Amino acid sequence: VELACSNTPEDVVDNDESQTFFFGLRSWNMSQFGCMENLTTLSVDQLKLDFLGSFLSPRPRNVRVLHAFHRENYASKDDFEALLRFLAWPKCRLRELRLGPEGRDELGLQLVGGVQLPGDTKCLSPGAALITVLQHRNKSLVRRIRVEGTTPSVEEDIGFWCTMNGVCPHRMELRDPGTTLDLAVELARVSKIPNFNKSIIFDVLQTTQHLWSR
């Protein structure tokens with residue numbers, strides 16, 4: 001199921017694959033959308049404070065794409081921490097949090113100080129927290145999220161782990177001593193990716209060696 005929410009009546013369409021409708025969205029609407037078992041894509045014309053957290057808190061298990069069209073997409077500290085918890089959830093399937101296509105393709109944050117990592121008392125900057133979750137807890141997100149105020153090096157790291165999720169989604173399984181995943185087989189699979197770049201093999205080895213070298 002795909003849902004698109006707009007405040008512009010001319011945008012309304014109705015077909016078998018998606019539904020587009022318009023009204024003044026509230027946080028409870030987003031929470032209801034998050035409870036929809038078969039929802040795979042949700043498009044809204046803007047993200048307001050509490051929208052992201054309200055949508056992700058019910059843990060929509062089949063959602064792949066959340067797309068916001070507005071020039072300014074704002075999230076609170078609670079929103080961002082809800083995003084981190086959702087990405088860290090083992091059953092998360094979110095592949096894209098798309099913020100565009102027009103205007104700033106980034107998530108604007110209204111928060112002071114750091115954010116808390118899922119299941120931890122440690123507080124980090126939003127960029128560092130997102131990198132930590134993508135590196136150690138998430139294997140679904142493949143499109144980089146740009147966070148307002150982050151440095152180019154942080155953006156590069158976020159993009160790197162999203163790329164690794166796309167080319168080597170099995171890297172997390174190497175953490176389990178009981179898993180018999182053959183690294184050579186995995187590397188052979190990676191080498192068959194269209195437009196294969198040999199540096200990907202090095203990246204796979206570099207980012208997994210501490211998990212299997214023992």
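Use the structure listed above.
Conventions used here
- Residues numbered from 1 in each chain as written.
- Predicted model: local features only at pLDDT ≥ 70, side-chain atom pairs only at ≥ 80, totals over all residues.
- Heavy atoms only, no water.
- Helix = DSSP H or I, 4+ residues; strand = E, 2+ residues; numbered from the N terminus.
- Buried < 20%, exposed > 50% of the residue type's maximum accessible area, 1.4 Å probe, protein only.
- Contact = heavy atoms within 4.5 Å.
- Areas by Shrake-Rupley, 256 points an atom, 1.4 Å probe, with all protein chains shown as cover.
- Phe/Tyr/Trp six-rings, centres within 6.5 Å; stacked < 30°, edge-to-face > 60°.
- Salt bridge = Lys/Arg side-chain N within 4 Å of Asp/Glu carboxyl O.
- Expected span 1.5 Å × (residues − 1).
- Pairing = 2+ DSSP bridges.
- Right-handed = clockwise from strand over helix to strand, strands pointing away.
- Axes fitted to C-alpha atoms, helices over the stretch in contact; angles between N-to-C directions.
- Parallel < 35°, antiparallel > 145°, perpendicular 65-115°, else oblique.
- Left-handed = near helix turned anticlockwise from the far one by under 90°.
- Nonpolar A, V, L, I, M, F, W, Y, C, P; charged D, E, K, R; others polar.

A.B. asks: Run through the overall build of the chain, naming residues and quoting values.
C.D. replies: Secondary structure summary: the chain contains seven helices and nine strands in total. Within the chain, the proportion of its 214 residues that are buried is 43%. Counting contacts in the chain only where the partners sit at least 6 residues apart, residues at least 24 apart contribute 65% of the total. Carbon together with sulfur atoms contributes 49% to the accessible area of the chain, which is approximately 11,500 Å² in total.

A.B. asks: Outline the packing of aromatic side chains, supporting the account with residue identities and numerical values.
C.D. replies: Applying the stated rule across the entire model yields two aromatic pairs. Summarising the aromatic geometry, the rings of Phe86 and Trp89 are spaced 5.9 Å apart at their centres and angled 40° between planes, so their arrangement reads as tilted. Just as Phe86 is buried, Trp89 falls in that class too. Consider the rings of Phe160 and Trp161, whose centres lie 5.0 Å apart with planes at 80°: the pair is edge-to-face. For Phe160, a relative accessible area of 24% corresponds to the partly exposed category.

A.B. asks: Pulling in residues and values, what's your account of the pattern of salt bridges?
C.D. replies: In the structure shown here, the tally under the stated rule is three salt bridges. Arg61 serves as the salt-bridge partner of Glu37, at 4.0 Å between the closest nitrogen and oxygen. In this pair, Glu37 is assigned in the loop between α1 (27-34) and β3 (41-44) and Arg61 in the loop between α2 (51-56) and β4 (65-68), connecting sequence segments 24 residues apart. For Arg61, a relative accessible area of 36% puts it in the partly exposed group. Among the salt bridges present, the one from Arg146 reaches Glu155, with a minimum N-O distance of 3.6 Å. When its relative accessible area of 29% is taken as the criterion, Arg146 is described as partly exposed.

A.B. asks: Tell me about helix α3 (residues 77-88), residues and numbers included.
C.D. replies: With 12 residues, α3 should reach 16 Å at 1.5 Å per residue; the first-to-last C-alpha distance of 16 Å fits that figure. In this structure, the buried residues of α3 make contact with α2, β5 (74-76), β6 (96-99), β7 (108-110), β8 (115-116) and α4 (126-136).

A.B. asks: So what's going on with the pairing of β3? Residues and values would help.
C.D. replies: The side chains of a regular strand alternate between both faces of the sheet. Of the two faces of β3, the one carrying Thr41 and Ser43 and the one carrying Leu42 and Val44 are both buried. In this sheet, β3 lies alongside strand β1 (residues 2-5) in parallel orientation, the contact comprising four bridges. Directly across from Cys5, in β3, lies its bridge partner Val44. Note on the crossover from β3 through α2 to β4: the handedness is right-handed.

A.B. asks: Help me get a handle on the environment of Thr132, residues and values and all.
C.D. replies: Inspection of the secondary structure assignment puts Thr132 in helix α4. Residues Thr132 and Leu117 lie 15 residues apart in sequence; the distance between their C-alpha atoms is 8.4 Å.

A.B. asks: Describe the packing of α3 against α4, with residues and values.
C.D. replies: Two elements in contact, α3 and α4, have axes whose closest approach is 10 Å; the angle formed by their N-to-C orientations is 10°. Taken together, the axes of α3 and α4 lie roughly parallel to each other. Between α3 and α4 the crossing geometry is right-handed. For the pair α3 and α4, contact is made by Phe80, Leu84, Leu87 and Ala88 and by Pro126, Ala129, Leu130 and Val133, respectively. Counted by class, the contact of α3 with α4 contains eight nonpolar, no polar and no charged residues.

A.B. asks: Run through the packing of α4 against helix α5 (residues 152-167), naming residues and quoting values.
C.D. replies: The N-to-C vectors of α4 and α5 enclose an angle of 20°; their axes lie 9 Å apart at closest approach. In terms of axis orientation, α4 runs roughly parallel to α5. The interaxial crossing formed by α4 with α5 has left-handed handedness. Facing Gly127, Leu130, Ile131, Leu134 and Gln135 of α4, the residues of α5 in contact are Val154, Asp157, Ile158, Trp161, Cys162 and Asn165. Of the residues assigned to the contact of α4 with α5, the class counts are seven nonpolar, three polar and one charged.

Interpretation in functional terms is not warranted from these geometric data alone.
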